[in-house]
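# Structural overview
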Amino acid sequence: MSRSTEGVVNWMHFFRWIVKLIRDEYGIDETLLVRTALLEEECGLNTEQVEEVVSEIATSFGVVFPEDVLNEIVRLEELCMLAAWLHGLYKRPPFLSDNFAARCMAANARAAAA
């Protein structure tokens, strides 16, 4: 089931939406959910939970993440920038490999246009 995305109009709103998702679904204290936090080590999510967050973002925003997305994102802000780019709200994040970025653009027309 997708969550409301009303009001998400830029990457900072996207970041806040992701923070609320993680806080609400996994009970993680918001003080740990800072931009530079490592998803697993500092946010306290395990790999399965990160996959669930990615899946919820995909469902709610209608974006497609390549299968190996967890090889490209490590920090909370990386997840946010990637998701915002796929949704057309941000430029291509500089940390992405060229191959991964090409697969993202092939699956997400809004990313290709951003």
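What comes next is a walk through the structure. Since we're looking at a predicted model, the values are computed, not measured. (Residues numbered from 1 in each chain as written. Predicted model: local features only at pLDDT ≥ 70, side-chain atom pairs only at ≥ 80, totals over all residues. Heavy atoms only, no water.)

The next subject is the nonpolar core. Counting residues in each nonpolar core, the largest one holds 40 residues, and the members touching the most others are Phe14, Ile18, Ile57, Phe65, Leu76, Leu82 and Trp85. Sorting the residues of this core by element identifies helix 1 (11-26), helix 2 (47-61), helix 3 (76-86) and helix 4 (98-107) as the ones contributing at least two each. Beyond its immediate sequence surroundings of up to four residues, isoleucine 18 is in contact with Ile57, Leu76, Leu79 and Cys80. (Core = buried A, V, L, I, M, F, W, Y, C linked by side-chain atoms within 4.5 Å. Buried < 20%, exposed > 50% of the residue type's maximum accessible area, 1.4 Å probe, protein only. Helix = DSSP H or I, 4+ residues; strand = E, 2+ residues; numbered from the N terminus. Contact = heavy atoms within 4.5 Å.)

Right, let's get into the packing of aromatic side chains. Given two aromatic rings, their pairing is described by the distance between the two centres and the angle made by the two planes. Within this structure, the stated rule accounts for three aromatic pairs. Measuring from ring centre to ring centre gives 4.8 Å for tryptophan 17 and phenylalanine 61, while their planes differ by 75°; the resulting arrangement is edge-to-face. On the criterion of sequence distance, the pair formed by tryptophan 17 in helix 1 and phenylalanine 61 in helix 2 is long-range, its members being 44 residues apart. A relative accessible area of 10% means that tryptophan 17 is categorised as buried. Residue classification places phenylalanine 61 among the buried residues on the basis of a relative accessible area of 4%. Among the aromatic residues, those joined into a cluster by ring pairs are Phe14, Trp17 and Phe61. (Phe/Tyr/Trp six-rings, centres within 6.5 Å; stacked < 30°, edge-to-face > 60°.)

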